[in-house]
Amino acid sequence: MFGNKGTTKPQNRIDSLIGMGTTVEGNIQFSGGLRIDGRVHGSVVATGDQPSMLVISEQAEVVGEIRVNHVIVNGSVNGPIYASETLDLQSKAHVSGDVHYRRLEIQGGAVVQGMMVCDAETQSEKVVKLKTQSSDASS
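Reading the values: the criteria
Once a new chain begins, its residue numbering starts again from 1 and follows that chain's sequence as written. Given that the model is predicted, a residue must reach a pLDDT of at least 70 before its local features are reported, and side-chain atom pairs must reach 80 or more before they are shown or counted; all residues, however, enter totals for whole chains, interfaces and linings. To get the side-chain values, all heavy atoms of the structure are used, and hydrogens and water are removed first. Only DSSP runs of H or I with at least four residues qualify as helices, and only runs of E with at least two residues qualify as strands; both kinds are numbered from the N terminus onward. Should any heavy atoms of two residues lie within 4.5 Å, those residues are counted as being in contact. Using a 1.4 Å probe, accessible areas were evaluated by the Shrake-Rupley method; residue-level cover was limited to the displayed protein chains. Only when DSSP finds a minimum of two bridges between them are two strands counted as paired. Lines fitted to C-alpha atoms define the axes, with helix axes restricted to the stretch in contact, and inter-axis angles between N-to-C directions lie between 0 and 180 degrees. Whenever a carboxyl oxygen of Asp or Glu lies within 4 Å of a side-chain nitrogen of Lys or Arg, that contact is scored as a salt bridge. Only protein chains enter the calculation, and the probe is 1.4 Å; a residue is then buried if its accessible area is under 20% of its type maximum, exposed if over 50%, and partly exposed in between. Under the rule applied, a polar contact is a pair of N or O atoms within 3.5 Å (in protein, one hydrogen donor and one hydrogen acceptor; residues adjacent in sequence only if both atoms are side-chain atoms).

Side note on the overall build of the protein chain
Logical step 1: Helix and strand counts for the protein chain stand at one helix and 16 strands.
Logical step 2: Restricting the contact set of the protein chain to residue pairs at least 6 apart, pairs at least 24 apart contribute 10%.
Logical step 3: About 8,400 Å² of surface is accessible on the protein chain, with carbon and sulfur atoms providing 48% of the total.

Written out as structure tokens, the structure reads:
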């Protein structure tokens, strides 16, 4: 009802896990749901046409670019985040980099050191055009 047109339903399950104590050096491509409890030094990118979700837990650290439909951050990210749908920054989130999102949910305590850019495609539908004074004067 309130601007939900054209959005995808979030991924409800976690298909893959990078456990605490694990460090991945290199880029990750995944589909479905991914939870990171360890460290990733490289880009994390969702592939395919299906909805995707990335969960970065409180203990986790990602150093690199993130491109996923739905991103939930409660840990540390050093790099840009591109959430094509929803970005959820929880209370322990610390992001050093620009964030791009369609919808943003942010809890108290979350920190973003970078630009926050709303990439809403539907913004033009919400623009109200006003009459200019010159058109009012000629009437």
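That shown, we press on.
A look at the pairing of strand β4 (residues 33-36)
Logical step 1: Looking at chain direction, strand β1 (residues 16-18) and β4 are connected through three bridges and run parallel. Counted as the bridge partner of Ser16 is Leu34 from β4.

As for the sheet that holds strand β15 (residues 111-113)
Logical step 1: Strand order in the open sheet made by the six strands is β2-β5-β8-β10-β12-β15, with parallel pairing throughout. Among the strands making up the open sheet, the edge pair consists of β2 (23-25) and β15. Strand-to-strand twist in this sheet, taken as the mean axis angle between neighbours without regard to direction, amounts to 5 degrees.
Logical step 2: Alignment of β2 against strand β5 (residues 39-41), held across three bridges, turns out to be parallel. Residue pairing for β5: Val24 is matched across the bridge by Val40.

A short note on the pattern of salt bridges
Logical step 1: Enumeration over the complete set of coordinates arrives at six salt bridges.
Logical step 2: Glu61 is paired through a salt bridge with Arg39; the nearest N and O atoms lie 3.5 Å apart. Highlighted residues: Glu61 in strand β8 (residues 61-63) and Arg39 in strand β5, separated in sequence by 22 residues.
Logical step 3: Judged by relative accessible area, Glu61 falls into the partly exposed class, the value being 23%.
Logical step 4: On the accessibility criterion, Arg39 (44% relative accessible area) is partly exposed.
Logical step 5: Its salt-bridge partner being Arg102, residue Glu85 comes within 3.4 Å of it at the nearest N-O pair. Of this pair, Glu85 sits in strand β11 (residues 81-89) while Arg102 sits in the loop between β13 (99-101) and β14 (103-106); the two residues are 17 residues apart in sequence, bridging distant segments of the chain. Taken individually, Glu85 and Arg102 each receive the classification buried, so the pair is uniform in this respect.

Looking at the pairing of strand β7 (residues 53-56)
Logical step 1: Of the two faces of β7, the one holding Met53 and Val55 and the one holding Leu54 and Ile56 are both buried throughout.
Logical step 2: The sheet contact formed by β4 and β7 spans four bridges and is parallel. Across the sheet, the residue bridging to Ile36 is Ile56, located in β7.

Digging into the side chain of Asp88
Logical step 1: If you trace the backbone, Asp88 turns up in strand β11.
Logical step 2: Apart from residues lying up to four places away in sequence, Asp88 is in contact with Val71, Ile72, Val73 and Glu105.

Observations regarding the side chain of Thr86
Logical step 1: Topologically, Thr86 is positioned in strand β11.
Logical step 2: Taking the relative accessible area as the measure of exposure, Thr86 reaches 10% and is therefore buried.
Logical step 3: Among the polar contacts made by the side chain of Thr86, one reaches the side chain of Arg103 at a distance of 2.9 Å.
Logical step 4: When residues no more than four places from it in sequence are discounted, the contact partners of Thr86 are Asn69, His70, Val71, Arg103 and Glu105.

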